[in-house]
Amino acid sequence: MNDRLMILPAGDVTGIRLVRVPEDFGSHEVFRHVTGLIAAAEEQEPNCGRDDILAILEDHGFEAVEFILGPELP
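Not measured: the values here are computed from a predicted model.

### A short note on the overall build of the protein
(1) Moving on: From N to C terminus, the protein includes two helices and three strands.
(2) Moving on: The helix and strand sequence of the protein, counted from the amino end, reads β-β-α-α-β.
(3) Moving on: With the C-alpha coordinates of the protein rotated into their principal frame, the extents come out at 40 × 30 × 20 Å.
(4) Moving on: The buried share of the protein, taken over its 74 residues, is 28%.
(5) Moving on: Within the protein, contacts between residues at least 6 apart in sequence are counted, and of these 47% link residues at least 24 apart.
(6) Moving on: In the form shown here, the protein has an accessible surface area of approximately 5600 Å², with 55% of it arising from carbon and sulfur atoms.

As structure tokens, this is what we get:
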């Protein structure tokens, strides 16, 4: 099982998402790949939402993971 996870931050805490990273990506490569997928989605559909982007990420092997947001650290 792949334990590498990526936090997708958002301006609103309710928009934060956590995804499991496919095994075939290196750390730097995955950041660039996800950035490219998000940019392509926004270019094709300027009004695309979080769910649209998560669906695209899932098409590329990423898996959304449920999480509990804890308290803010100092």
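### With respect to the sheet that holds strand E1 (residues 5-8)
(1) Moving on: Strand order in this open sheet of three strands is E1-E2-E3, and the pairing throughout is antiparallel. The sheet is open, and its two edges are formed by E1 and strand E3 (63-65), each paired on a single side. Strand-to-strand, the axes of this sheet are offset by a mean angle of 35°, without reference to chain direction.
(2) Moving on: Across four bridges, E1 lies against strand E2 (residues 17-20) in antiparallel orientation. Note on E2: the bridge partner recorded for Ile7 is Leu18.

Criteria and thresholds
- Residues numbered from 1 in each chain as written.
- Predicted model: local features only at pLDDT ≥ 70, side-chain atom pairs only at ≥ 80, totals over all residues.
- Heavy atoms only, no water.
- Helix = DSSP H or I, 4+ residues; strand = E, 2+ residues; numbered from the N terminus.
- Buried < 20%, exposed > 50% of the residue type's maximum accessible area, 1.4 Å probe, protein only.
- Contact = heavy atoms within 4.5 Å.
- Areas by Shrake-Rupley, 256 points an atom, 1.4 Å probe, with all protein chains shown as cover.
- Pairing = 2+ DSSP bridges.
- Axes fitted to C-alpha atoms, helices over the stretch in contact; angles between N-to-C directions.

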